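Report on the structure
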Amino acid sequence: MTARTAEANPVGERREAITVAVHAGDPVTGEGAVACLRSVPGITLLPPERRCEADVLLVTVHETTEEVVLWMERCASESTNPEMRIVLVAETVSEHHLMRAVTSGLVSFVPREEADRDRVVKAIRGCSRDRAVVPEKMVGWLLEQVRTIQRTVLVPQGLTVGGLQEREVEVLRLLADGLDTVEIAQQLNYSERTIKNIVSGMLTRLNLRNRSHAVAYAMRCGAL
C-alpha cells in the first residue's frame, strides 16, 4: 500500500494526494522548494525523517555528484513505498550517474535553469503515471543503454527486456488471445504439463500474481 491519500479538488472531485519529501543541497534551496510546494493542491509534504514513505523524492542540488547518487541509491533501498519515484533538479547529470539514478527510481530530470514551480510540479505529478520528463539528449543515452543491455545480455540468454524467455512470450501471446492451457499446448506442440510449468516458473521468477497479471506485465514491458 502506498502513502497516497484522497483529497478533494475545487470542483468537489476526489483525487490522490502525492506525498513528497524534499532533499536539497543547501538549506535555502530546500526551504524555497518546500515553500513552493506547500500550497500546491494534491501534494502533501513529508518531513525528511519520513522520506522512506514518500511517493516522490524531490532532489534539488547544484551538481549531481557521486555523493548525491549514493544518497538516492540508499533511499531506494530503505524505501517502504514500492512506488517511490525520484525527480532530480540539478545543473546537469553525467550519463553514468543518470543510468544509476534511473535504477534507483529516477523518472524525471529538470535542468536547474528551467526549474520553475510549474515545471517541477508537472514532473512530480507525472511520476504517479510514470510519465518521464527528461531532456532529449538524455533520452538518447537511455535508449542506447537499453539497446546495449538487450544486445549483450538479454539476447544471448534468450530473454526480452522484461526478463521474459522467448517461449514464455509465445505462451503469453496465446493466453492474451484467449486460448486455454490445452489449446496452447496443441498450438506450440508441447505437453500440457510443460505449458503449466512454463507459466508457473514465470509467475514465480517475476513475482506475478496470476496469468492475467503476467499478460499485463508483458504488454507494459513491450514483449507483446
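Please refer to the structure placed before this passage.
Below is a short write-up of the structure.

Here we take up helix α8 (residues 192-205). Given a rise of 1.5 Å per residue, 14 residues ought to cover 20 Å, and the 20 Å separating the end C-alpha atoms of α8 matches this to within 8%. All of the buried residues in α8 are I195, I198, V199, M202 and L203. Buried positions in α8, seen along its axis, are confined to an arc of 125 degrees and lie on one side of it. Structural note: α8 exposes R193 and T204 on the side pointing more than 90 degrees away from its buried face. Contacts made by the buried residues of α8 are with α6 (166-176), α7 (181-188) and α9 (211-220). At the exit of α8 stands N207, carrying a positive phi of roughly 55 degrees.

Our focus in this paragraph is unusual backbone geometry. Positive phi is not limited to glycine here, since N189 has a value of about 60 degrees. Using a relative accessible area of 70% as the deciding quantity, one classes N189 as exposed. Notably, N207 is not glycine yet its phi reads approximately 55 degrees, a positive angle. Along the chain, N207 falls in the loop between α8 and α9.

Procedures and definitions
- Residues numbered from 1 in each chain as written.
- Predicted model: local features only at pLDDT ≥ 70, side-chain atom pairs only at ≥ 80, totals over all residues.
- Heavy atoms only, no water.
- Helix = DSSP H or I, 4+ residues; strand = E, 2+ residues; numbered from the N terminus.
- Expected span 1.5 Å × (residues − 1).
- Buried < 20%, exposed > 50% of the residue type's maximum accessible area, 1.4 Å probe, protein only.
- Arc of directions from axis to C-beta.
- Contact = heavy atoms within 4.5 Å.

All we've got here are geometric facts, nothing functional implied.
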